[in-house]
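Read off the chains here:
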Amino acid sequence: MKLTLEKALELMAADDGDLDLEYCSDYDSLPDELARVTGNLNLMCSSISAIPESLMLVCKNFDMRDTKIAKLPSEFRVYGDLLIDDTNVIEHLPEELEVGGTLSLCHSNVRDLPENLLVGELDISFTDISELPKNLTVKESLCLAFSKITSLPDDLLVDGDLELNDLNLDHFPKNLCVRGFLDLDGTRINGKVITEKDLPEDLNVKGCVYFSNNKVTRSFDKYRAIQNKIKEYQQQLEELQR
């Protein structure tokens, strides 16, 4: 049964703008006339399987975890978080998607990301996504752990944390800048586990760098300064020995 617009507005009015249908089995779709939800839209574990094309905006968070929803509206914006975790029906996201908070696709069946995607944070862990789209904008943290990603773009700037756990990369990106922590636990380059010695000179990390076997470089800037100092001493020693 389809939820009527009158009932949807009634539910939102009674719940401070939220449309909460979590675990609800009474409805299978939202009303065609629904243009926006002024609060949170919670469909987690519900029987809702269709989102109307008319719905263009969710003003807070949209939770569609563990649902049978196969498609989102073509022009869709979520000011808060968009949670698609543990869904096995939806495979593609709309081209005009914008998410102000976190876009979480963990354990979902989403296979690719649209170009020009704009999100606050992005989590594609445990998905089959194999490449990042062109003109991707992530304002804070980026989690690619246990995905199928094999390469990262050069000159990548991550304002938050970057998690690359258990990835097998073709190469390390040039001029990577991470303003949070960098997690390389289980990360490999062409099958070889990354260690401190494999980090490129142009890598810039403000926080800690985590490696396999619980090894942590607690201050990457200090570590890099020490490595540069050692190289200076080695060069001076070579000059003296000539």
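This text follows the structure it describes.
Quick summary incoming for the structure in this document.

Cut-offs used in this document
Residues numbered from 1 in each chain as written. Predicted model: local features only at pLDDT ≥ 70, side-chain atom pairs only at ≥ 80, totals over all residues. Heavy atoms only, no water. Helix = DSSP H or I, 4+ residues; strand = E, 2+ residues; numbered from the N terminus. Rg over C-alpha atoms; globule rule 2.2 N^0.38 Å. Contact = heavy atoms within 4.5 Å. Areas by Shrake-Rupley, 256 points an atom, 1.4 Å probe, with all protein chains shown as cover. Lys, Arg positive; Asp, Glu negative; His and termini not counted. Charge placed at Lys NZ, Arg CZ, Asp CG, Glu CD. Phe/Tyr/Trp six-rings, centres within 6.5 Å; stacked < 30°, edge-to-face > 60°. Buried < 20%, exposed > 50% of the residue type's maximum accessible area, 1.4 Å probe, protein only. Pairing = 2+ DSSP bridges. Core = buried A, V, L, I, M, F, W, Y, C linked by side-chain atoms within 4.5 Å.

**A few points about the overall build of the protein chain**
In step 1: Helix and strand content of the protein chain: two helices and 21 strands.
In step 2: The C-alpha atoms of the protein chain give a radius of gyration of 22 Å, which is well past the 18 Å a tight globule of 242 residues would have.
In step 3: Principal-axis analysis of the C-alpha atoms places the extent of the protein chain at approximately 85 × 30 × 30 Å.
In step 4: Taking the intrachain contacts of the protein chain between residues at least 6 apart in sequence as the baseline, contacts between residues at least 24 apart amount to 13%.
In step 5: Accessible surface computed for the protein chain: about 12800 Å², of which carbon and sulfur atoms make up 45%.
In step 6: Both charge centroids of the protein chain, one from 25 positive and one from 46 negative side chains, sit 9 Å from each other.

**What to know about the packing of aromatic side chains**
The description of an aromatic ring pair rests on the distance of the ring centres and on the angle between the ring planes.
In step 1: Taken as a whole and assessed by the stated rule, the structure comprises three aromatic pairs.
In step 2: Consider the rings of Phe 62 and Phe 76, whose centres lie 5.9 Å apart with planes at 85°: the pair is edge-to-face. One end of the pair, Phe 62, is in strand β5 (residues 62-63); the other, Phe 76, is in the loop between β5 and β6 (77-78), with 14 residues separating them in the sequence. The burial state of Phe 62 is the same as that of Phe 76; both residues are buried.
In step 3: Taking the centre distance of 4.6 Å and the plane angle of 5° together, the rings of Phe 126 and Phe 146 count as stacked. Taken together, the residues span a long stretch of sequence, with Phe 126 in the loop between β9 (118-123) and β10 (137-138) and Phe 146 in the loop between β11 (142-143) and β12 (157-158) at a distance of 20 residues.
In step 4: Overall, Phe 126 belongs to the partly exposed group, its relative accessible area being 38%.

**What to know about the pairing of β9**
In step 1: Two strands pair when backbone bridges link them, and strand β8 (residues 98-104) and β9 are joined in this way by five bridges, in the parallel orientation. In the strand pairing of β9, Thr 102 is matched with Glu 121.
In step 2: Pairing geometry for β9 and β10, over two bridges, is parallel. Each residue of the ladder has a partner; that of Val 119, found in β10, is Val 138.
In step 3: With two bridges connecting them, β9 and β11 associate as parallel partners. Among the inter-strand pairings, Leu 122 is bridged to a residue of β11, identified as Leu 142.

**Considerations on the sheet that holds strand β18 (residues 192-193)**
In step 1: Spatial strand order, β14-β17-β18: three strands in an open sheet with mixed pairing. Of all the strands in the sheet, just β14 (168-169) and β18 have a single pairing partner and so form its edges.
In step 2: Pairing analysis gives two bridges linking strand β17 (residues 188-189) to β18, with the strands arranged antiparallel. Looking at β18, one finds that Arg 188 is bridged to Val 193.

**A closer look at the nonpolar core**
In step 1: In this structure, Leu 30, Phe 62, Leu 82, Leu 93 and Leu 103 are the most contacted members of the largest nonpolar core, which totals 60 residues.
In step 2: Among the elements of the structure, α1 (5-14), β8 and β9 are those that each provide at least two residues to this core.
In step 3: Beyond its immediate chain neighbours, meaning those up to four positions away, Leu 93 contacts Leu 72, Ile 84, Leu 103, Leu 105, Val 110, Leu 113 and Pro 114.

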